[in-house]
Each structure stands twice: as C-alpha cells, then as structure tokens.
Amino acid sequence: MSDLILETRDLSKAFKGFVAVKDVNLRVARGSIHALIGPNGAGKTTCFNLLTKFLTPTSGRIFFNGTDITREAPAQVARRGIIRSFQISAIFPHLTALENVRVGLQRREGGTFRFWRSVSLLDRLNPRAMELLDEVGLAGFAATPAVQLPYGRKRALEIATTLAMEPELMLLDEPTQGMGHEDVDRVTQLIRKVGAGRTILMVEHNMKVVSSIASTITVLARGMVLAEGPYEAVSRNPEVMQAYMGT
Ligand code: ADP
C-alpha cells in the first residue's frame, strides 16, 4: 500500500463564485501528524468539510488509500475511516464519560444511536470503552457526566469518542482552542500519544503545538497552498512569514 493515506488533486470549492479553496494538492503520509495552518479565512474549515464530504467540491479529486472518494456520501467516507473529532457540542452532556465512548463504539458497529440501548444493553462495550478512556487519561472520570468535566478533559473525551470509531485518518479541529497552558500541554501530549500508529490531520493555530508534534505542515492562504513541509522549512519561508506570521 502507498505511504499516502490521503491525497487531493486540484481540489477547489467556490461559494457563489467566491473561491474559498483553490487547486489544493494535499498529501498526507500514513502514520504522520499533519497540520493545516493559515490565517482566518484561508480555507482550512472548508478543506475539512470537503474531506468529510460535508461539502461537495466544485472541482478536483480526493483519494483515500488510493481510492477516489470524491463522489462518496459522508457516511461512506466515515465508514472508510475518515473521522472528524466531534465538537464538544456533540458530546452528550448528561451521559457519563464511559457512556459517551460507548456511543462512539456503537456507531462504529453501525448501529444507529438509541439512548435506551446505549444506557442499558451495551454493557458488553464497557471493557473497550474503559480502555479508550484509559488511553486518553480519563479512566478516573468514567462515571462523571460529561457536563461536569473540566474543559481540557472534555476535549480528551472528544478524542476518545473519535478513537472509538477506529479512525484510519483522524481529523482534529483546533484541538487546543480556548485552553490554558496546562491543558494545551496535556492535549499536545495526548495527540502525540494517540498519533503513534495512527494518522492525524489537524487544524491548529497554536504554533508551539504545531512545531512540537506535526511532522508536516501545509500552510494555506486565500484558499491556496503557500508552503508545505516540516516546521523548520515552512517557518522560514518568506511568503509564509509575510502572509501568516505577519513579519
Ligand atoms: P478558515 O477555516 O481557514 O478560517 P474557511 O474555510 O472557514 O477558512 O473560509 C474560507 C473562506 O470561504 C472565507 O472567506 C469564508 O468567508 C468563505 N466561506 C466559507 N464557507 C462559506 C459558505 N458556506 N458560503 C460562503 N462563503 C463561505
């Protein structure tokens, strides 16, 4: 199998004539942590929406494991293993951390989520759910309702529910957004840990986080790829400095 898990070819998206993403060629290596960065309005969210098929491209192609998935529906793409981290709003606040992970496991099994099933009949999923909570450092919070978890722990729970769906490619949306230093450090460590043996594509603004964990960085500006490579190279790129770093 190729060492590219995801490849886009000349991917573009226009909204009523406004081109938000233009001819983007993104190449994500299997097993890497790849960061997508760029100023506000650069097209990062639109790219994520195109990859999960939440949006349909205006032109261009998306390949996953060498298969053209450009015309596939969101559910098909998710079944292939492209899983975007849930926003916190998508965590069920009154279910416990364990129950939330179980919902993810149940989704992976293809079952439609049913509250009554998830809370009463799915005890067989508990051991795997506990393992995942342990992996993200939440073993001690299994019985805590999600709503009571501190912010940083909620993001860890979001990662656990994403892992429950056995992503082959995990898309993380600004995983450290709105966090204090301590939580940023904890989530950075967590991403490094869960990234071992998995592939992660993340949108992230915090350059300290990006420089410490991403092996490849793609810089977008005005919908186009400005630079791609390891942090050391892209951070010295004069165009990047001008467009993104503001120097
Ligand atoms: P980023 O995530 O990098 O901040 P976005 O992908 O959200 O950038 O947006 C890229 C550009 O596309 C912005 O100028 C934004 O206003 C525009 N855009 C995004 N979604 C839509 C939409 N549904 N309709 C019209 N314009 C949009």
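Just so it is clear, the model here is predicted, and its values are computed rather than measured. (Residues numbered from 1 in each chain as written. Predicted model: local features only at pLDDT ≥ 70, side-chain atom pairs only at ≥ 80, totals over all residues.)

## Some thoughts on the overall build of the protein chain
We apply this condition: What counts as a helix is a DSSP run of H or I of at least four residues, what counts as a strand is a run of E of at least two, and both are numbered from the N terminus. For every residue, the other C-beta atoms within 10 Å of its own C-beta are counted; 20 or more classify it as buried, 12 or fewer as exposed, and values in between as partly exposed. C-beta atoms are placed from the backbone. A pair of residues counts as a contact when their C-beta atoms, built from backbone coordinates, are within 7 Å of each other.
Looking only at helices and strands, one finds 10 helices and 11 strands in the protein chain. Over its C-alpha atoms, taken along the principal directions, the protein chain stretches across nearly 55 × 40 × 35 Å. Here the protein chain, with 247 residues, has 41% of them falling under the buried criterion. Once local pairs closer than 6 in sequence are excluded, the contacts in the protein chain between residues at least 24 apart make up 65%.

## Some thoughts on the site of the ligand
The cut-off we apply is this: As used in this record, a residue near a molecule or strand is one whose C-beta atom, placed from the backbone, is within 6 Å of it.
For the ligand, the full set of nearby residues is Phe15, Phe18, Ala20, Gly38, Asn40, Gly41, Ala42, Gly43, Lys44, Thr45 and Thr46. Going through the elements one at a time, β2 (18-24) and α1 (44-51) are the ones with two or more residues in the shell around the ligand. Counting residues per element, the shell around the ligand draws most heavily on α1, which supplies three residues.

## A look at the pairing of strand β5 (residues 59-64)
The two faces of a sheet get side chains in turn, since along a regular strand they alternate between them. Applied cut-off: At least two DSSP bridges between two strands are needed for those strands to be called paired.
Where strand β1 (residues 4-15) and β5 come together, five bridges link them in antiparallel fashion. Bridging across to β5, Thr8 finds its partner in Ile62. As paired strands, β5 and strand β6 (residues 67-68) are joined by two bridges and run antiparallel to one another. Among the inter-strand pairings, Phe64 is bridged to a residue of β6, identified as Thr67. The turn linking β5 back onto β6 is made up of two residues, and Asn65 within it adopts a positive phi angle of 50°.

## Focus on the confidence of the model for the protein chain
Inclusion rule: The predictor reports its confidence for every residue as pLDDT, a score running from 0 up to 100.
Looking at the protein chain as a whole, its pLDDT mean stands at 90, while 91% of the residues score no less than 70. Overall fold confidence for the complex sits at a pTM of 0.91, while the interface term, ipTM, reaches 0.97.

## A word on helix α5 (residues 126-135)
To keep it simple, the criterion reads: Our arc is simply the arc of the directions from the helix axis toward the C-beta atoms.
Residues Ala129, Leu132 and Leu133 constitute the buried set of α5. On an axial view of α5, the arc spanned by its buried residues comes to 100°, and they lie on one face. For α5, the elements touching its buried residues are α3 (97-108) and α6 (151-164). Two residues or fewer past α5, Gly137 is found with a positive phi of approximately 80°.

## Thoughts on the domain arrangement of the protein chain
By a widely used convention, the size of an interface equals the accessible area lost when the partners come together. As a reminder, the rule being used: Each domain's limits were defined by an automated method or a database of domain assignments. Residues are grouped as follows: nonpolar covers Ala, Val, Leu, Ile, Met, Phe, Trp, Tyr, Cys and Pro; charged covers Asp, Glu, Lys and Arg; every other residue, Gly included, is treated as polar.
Annotation of the protein chain at the domain level lists domain 1 (1-81 + 167-247) and domain 2 (87-166). One C-alpha centre belongs to domain 1, the other to domain 2, and the line joining them spans 25 Å. With 11 residues of domain 1 at the contact, the number on the domain 2 side is 12 residues. The leading source of residues in the side of domain 1 that touches domain 2 is helix α7 (residues 181-195), at five residues. For the side of domain 1 that touches domain 2, the class distribution of residues is seven nonpolar, two polar and two charged.

## With respect to the packing of α3 against α5
How we decide: The axes used here are C-alpha line fits, helices contributing only the stretch in contact, and every angle between their N-to-C directions lies in the interval 0 to 180 degrees. Roughly parallel means an angle under 35 degrees; roughly antiparallel means over 145; roughly perpendicular covers 65 to 115; every other angle is labelled oblique. Handedness of a helix crossing follows the sense of rotation of the near helix relative to the far helix, less than a right angle counterclockwise being left-handed and clockwise being right-handed.
Contact pair α3 / α5: the axes reach a minimum separation of 9 Å and the direction vectors enclose 110°. Between α3 and α5, the angle falls in the class roughly perpendicular. Crossing handedness for the pair α3 and α5: right-handed. Contacts from Ala97, Leu98, Val101, Arg102 and Leu105 of α3 reach α5 at Asn126, Arg128, Ala129, Met130, Leu132 and Leu133. Across the contact of α3 with α5, the residue classes break down as eight nonpolar, one polar and two charged.

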